[in-house]
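Examining the three-dimensional arrangement
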Amino acid sequence: MVGQTRIVDKLRELARNLWWVWQPNVIALFRELDPTLWREVDHNPVEFLKRLPPEQLERRSAEMALDSRIDYAFRRQAEYLKDTKSWGAINASILRARPVAYFSMEFGLHESLPIYSGGLGVLAGDHLKSSSDLGIPLIGIGILYAQGYFRQSLDKDGWQQESYLNSDLDLLPIEAVTGPDGQPLKISVESASGVLHARIWRVEVGRTTLLLLDSNLPENSESDRALTARLYGGDARVRIRQELLLGVGGVRALKALGITPAVLHLNEGHSAFATLELIRETMEYTGLPFGEVMHDVANMTVFTTHTPVAAGHDRFPAGLVEENLGKVREGLHLSFDDFMGLGRVNTHDHNELFCMTVLALKLSRHANGVSSLHGVVSRRMWKPLFPGVAEENIPIGHITNGVHVETWVAPQMTLLLDRHMGVGWSVRQRYPETWEGIDTVDDAELWETQQVLKARLINFVRSRLVAQARRRGEPESAQRQAMEALDLNALTIGFARRFATYKRAGLVLQDAERLGEMIEAAGRPIQFVFAGKAHPEDRFGKELIQGIARITRQGKFAGKIVFVEDYDMNVARSLVQGVDVWLNNPRRPQEASGTSGQKAVLNGALNFSVLDGWWAEGYDGTNGFAIGSGWTHAEPSIQDRRDYESLIETLANQVVPLYYDRDTTGLPRGWIARQKNAFRTMAWRFNADRMVMDYAQRCYLAAAGGLSSSMPHN
Ligand SMILES: *Cc1c(COP(=O)(O)O)cnc(C)c1O
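Residues numbered from 1 in each chain as written. Predicted model: local features only at pLDDT ≥ 70, side-chain atom pairs only at ≥ 80, totals over all residues. Heavy atoms only, no water.

Brief notes about the overall build of the protein chain
- Across its full length, the protein chain holds 29 helices and 20 strands.
- Its C-alpha atoms give the protein chain a radius of gyration of 25 Å, near enough to 27 Å, the size a compact globule of 714 residues would have.
- Across its three principal directions, the C-alpha atoms of the protein chain cover 80 × 70 × 55 Å.
- Split into buried and exposed, the 714 residues of the protein chain put 60% on the buried side.
- Of the accessible surface of the protein chain, which amounts to about 26900 Å², a share of 51% is contributed by carbon and sulfur atoms.
- Side chains of the protein chain give 79 positive and 86 negative charges; the mean places of these two sets differ by 1 Å. (Helix = DSSP H or I, 4+ residues; strand = E, 2+ residues; numbered from the N terminus. Rg over C-alpha atoms; globule rule 2.2 N^0.38 Å. Buried < 20%, exposed > 50% of the residue type's maximum accessible area, 1.4 Å probe, protein only. Areas by Shrake-Rupley, 256 points an atom, 1.4 Å probe, with all protein chains shown as cover. Lys, Arg positive; Asp, Glu negative; His and termini not counted. Charge placed at Lys NZ, Arg CZ, Asp CG, Glu CD.)

This is the structure in structure tokens:
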């Protein structure tokens, strides 16, 4: 027996720390305890344990002979949490006393903590997880949205409906941060439109902590109470106030907790006010002037920009800025004009709005885009900010995004990789040699594994389609038809992402007749699974979804082109793990990086994508398929037409033939060779361990080491 801890307490301990999210063995424990309930609670172990009475839990655990596995998981968690031999302990020990403070408007850690909308949040979540695995001292700062992003359903006309559900805080893996008096710790931020109060929640993500600010407090005005209700749901006033809370409130939360960061990492410009608050605080503490302190804060600040489109950057009118940041400005002893100048390209242009990206660029010595191509685009975009500097010398580099491998690789694929790359391969995931083991995998074994994953995906899609049909009140016959959607033997293409215009979700469906011929081609069928949300205000995005929904209902496409509602991390996992091909056709160069295709690589799906974002670096001619050859055109309609032609051409002449070219044993040898090439050439590069190590080595250590005398040392 291990200690006196009861089974139920061990399970609670496992549920309390999001470490379980990337432990397939722990997930299996929860599922085996009660598969139906596990699905019903949306894979939320906190709710799961609340709904199962302890006696019943103990009984189930004994019946299923799970006790020793629960013991084992509990011990493994404890070992993980106190590991002192991590990469970070050795290489980033300078950060131990003063960690990295990582700010992000959204964090995608798991579907049961709905405080993310898409790629930016999932990237931030993966960053925390890899920082934990690597042992890099880092603390996340974000916002607890009571309703998160919206839940999506489609009505009978295929029109997107949004619903907002209040999360029950008792069912989230969060804990109130309390002060020495045992009372909830609170921070406040003064502004011309009143004092904004917030409390702080803590989420444990392995060895990493995430702090979440929450303004739903009785001492706030009604509008401030609602400030943290929704992610990306408000107007400019809500938005700037959320950013005030995240940036200024975030720095105050750190201070309230006695944490002095050595590095500020701004994941996108939303949190750039953090730099101003740190300057203000330091000026107050040291009495030094703005210019000097600004220099020091910039030295310790790392900024990651994610937006390759000029219109996509947050910009606020001067009035809103003064209303919310006026008090901070006074603390900085800056005039209104000088303060506004921090957010303007042309400091003295009174017509220019205050841009968060400009502020972040002026206040950081380390700035980067999220792929090589995006680095180029960003340097070009921000050239006016660096007059007289040649484009290639503009101080914006790039660190290409990566994904947290253990979160995204399917358990069945993990077992296969364990057998061929050696147990413990994941701690060596960033080295090319690790992945050479893929060549020792038997073709049939890889194929079988993928068939199993595809069968799981098909089951998942069918049950979702049935539930969707039922919710819309469609006849029994439609529900029966949904039960038969998709064919295990057909080439399955996945497309799932936000329905932003530049992502061109409908591109492949543009010519339904042509597509119809391909889908039905004798012996070579193809099928599509679509998913994704449009922003509630984005009419055009909703029309795109409606267009797809209508196609899914045409007789010849029924069950062959399907739309799964309510795209989230759960849907994403099922899709990237189960499809044969991952399609991505953004209008180049507007996809800063994209990460879903990297998840597909880890599960043996082949990318079929425009040479944009990470794929422009990843594709080598042998490890997937390219749409186009990296062209762009000033006239979008021409670019769209060319890309469409290339897409259909490549699909018909390369993708489909290779998939259906079988040997006498029924295996597509050429296809499998490409899957192995994909693992071997890309998995070591496009993972979050590599990404976080790049940040540590190129930015964090320099930023932490560059601290000068004006910063308070402990
Ligand atoms: C990975 C992921 C994304 C990002 O995908 P892109 O390729 O950047 O579009 C978005 N949403 C969810 C739920 C994800 O898991």
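Additional details are given in the paragraphs that follow.
Some thoughts on the packing of helix H1 (residues 7-16) against helix H2 (residues 24-33)
- As a packed pair, H1 and H2 sit with axes 11 Å apart at the nearest point and diverge in direction by 125°. One element, H1, and the other, H2, form an angle in the oblique class. Considering only the axes of H1 and H2, their crossing is left-handed. Judged by residue contacts, Leu11, Leu14 and Ala15 of H1 engage Val26, Phe30 and Leu33 from H2.
- Of the residues that constitute the contact of H1 with H2, the class distribution is six nonpolar, no polar and no charged. (Axes fitted to C-alpha atoms, helices over the stretch in contact; angles between N-to-C directions. Parallel < 35°, antiparallel > 145°, perpendicular 65-115°, else oblique. Left-handed = near helix turned anticlockwise from the far one by under 90°. Contact = heavy atoms within 4.5 Å. Nonpolar A, V, L, I, M, F, W, Y, C, P; charged D, E, K, R; others polar.)

So, the packing of helix H11 (residues 273-286) against helix H13 (residues 318-331)
- Contact geometry for H11 and H13: axes closest at 9 Å, N-to-C directions at 35°. Here H11 runs over H13; the crossing is left-handed. Note on element contacts: H13 touches H11 through Leu325, Val328 and Gly331, opposite Phe273, Leu276, Arg280 and Met283.
- Across the contact of H11 with H13, the residue classes break down as five nonpolar, one polar and one charged.

A short note on the pairing of strand E4 (residues 160-163)
- By the bridge criterion, four bridges tie strand E3 (residues 151-154) to E4 in an arrangement that is antiparallel. Bridge assignment links Leu154 to a residue of E4, and that residue is Gln160.
- Between the antiparallel neighbours E3 and E4 lie five residues, among them Gly158 with a positive phi of about 80°. (Pairing = 2+ DSSP bridges.)

Re the packing of aromatic side chains
- As enumerated under the stated definition, the model contains 26 aromatic pairs in all.
- An angle of 65° between the planes, with centres 6.2 Å apart, marks the rings of Phe499 and Phe563 as edge-to-face. Placement of the pair is Phe499 in the loop between strand E15 (491-496) and helix H22 (512-520) and Phe563 in strand E17 (residues 561-564), with a sequence separation of 64 residues.
- On the accessibility criterion, Phe499 (2% relative accessible area) is buried.
- For Phe563, a relative accessible area of 5% corresponds to the buried category. (Phe/Tyr/Trp six-rings, centres within 6.5 Å; stacked < 30°, edge-to-face > 60°.)

Brief notes about the domain arrangement of the protein chain
- Under the domain assignment used here, the protein chain contains domain 1 (2-82), domain 2 (87-401 + 694-705) and domain 3 (409-685).
- Measuring from the centre of the C-alpha atoms in domain 1 to the corresponding centre in domain 3 gives 33 Å. (Domains from an automatic or database assignment.)

A look at the environment of Lys676
- By secondary structure assignment, the location of Lys676 is in helix H28 (residues 669-682).
- Judged by its relative accessible area of 9%, Lys676 is buried.
- Those residues in contact with Lys676, other than ones at most four positions away along the chain, are Ile438, Asp439, Val441, Asp442, Asp443 and Leu446.

Some details on the sheet that holds strand E18 (residues 581-584)
- Read from one edge of the open sheet, six strands run E17-E16-E15-E18-E19-E20, paired in parallel fashion. The open sheet is flanked by E17 and strand E20 (625-627), the only strands paired with a single partner. Neighbour-to-neighbour, the strand axes of this sheet turn through a mean angle of 20°, independent of strand direction.
- With four bridges connecting them, strand E16 (residues 526-531) and E17 associate as parallel partners. Following the sheet pairing, Phe530 is matched in E17 by Phe563.

Considering helix H24 (residues 569-578)
- With 10 of 10 residues buried, H24 is to be regarded as a mostly interior element.
- When H24 is considered as a whole, its buried residues turn out to be Met569, Asn570, Val571, Ala572, Arg573, Ser574, Leu575, Val576, Gln577 and Gly578.

Description of the UniProt feature "modified residue: N6-(pyridoxal phosphate)lysine" (unreviewed entry) in the protein chain
- In the UniProt entry, the feature "modified residue: N6-(pyridoxal phosphate)lysine" (unreviewed entry) is given for Lys599.
- Mapped onto the elements of the fold, Lys599 is located in helix H25 (residues 596-601).
- Ignoring any residue separated from it by four or fewer positions in sequence, one finds Lys599 in contact with Val122, Val403, Trp408 and Val576. (UniProt positions renumbered as here; feature names shortened; annotations may be inferred.)

Thoughts on the environment of Thr305
- In this structure, Thr305 sits in the loop between strand E10 (301-304) and strand E11 (315-316).
- A residue is classified by how much of its surface remains accessible, and Thr305, at 2% relative accessible area, is buried.
- Considered as a pair, Thr305 and Val377 are 72 residues apart in the sequence and their alpha carbons are 11 Å apart.
- For Thr305, the contacting residues outside a window of four places in its chain are Glu268, His313, Thr357, Asn368, Gly369, Val370, His374 and Ser378.

Digging into H2
- Buried residues of H2: Val26, Ile27, Ala28, Leu29, Phe30 and Leu33, and no others.
- Lining the buried residues of H2 we find H1, helix H3 (35-40), helix H4 (45-51), helix H5 (54-63) and helix H6 (67-82).

Focus on the site of the ligand
- Lining the immediate environment of the ligand, one finds 14 residues, of which Trp408, Lys503, Thr595, Ser596 and Lys599 sit closest.
- In this structure, Lys503 approaches the ligand through a side-chain N or O atom, which is 3.1 Å from an oxygen atom.
- Between the ligand and Ser596 there is a distance of 2.5 Å, counted from an oxygen atom to a side-chain nitrogen or oxygen.
- Protein contacts shield 95% of the accessible area of the ligand, which totals 390 Å² for the unbound molecule.
- Listing elements by their share of the shell around the ligand, those giving two or more residues are helix H8 (119-134), H24 and H25.
- Of the residues that constitute the shell around the ligand, the class distribution is five nonpolar, five polar and four charged. (Near = heavy atom within 4 Å. Polar contact = N/O pair within 3.5 Å; in protein donor to acceptor, adjacent residues only side chain to side chain.)

What to know about the pairing of E15
- Taking burial as the measure, the six residues of E15 include six buried ones, the bulk of the element.
- Residues of E15 alternate between two faces, with Leu491, Ile493 and Phe495 on one and Thr492, Gly494 and Ala496 on the opposite face, all of them buried.
- When E15 meets E16, the two strands line up parallel, connected through six bridges. What sits directly across from Phe495, in E16, is Phe530.
- With H22 bridging E15 and the parallel E16, this β-α-β connection has right-handed handedness.
- Of the pairings in the sheet, the one linking E15 to E18 comprises two bridges and is parallel in character. Residue pairing in the sheet places Gly494 in a bridge with Trp582 of E18. (Right-handed = clockwise from strand over helix to strand, strands pointing away.)

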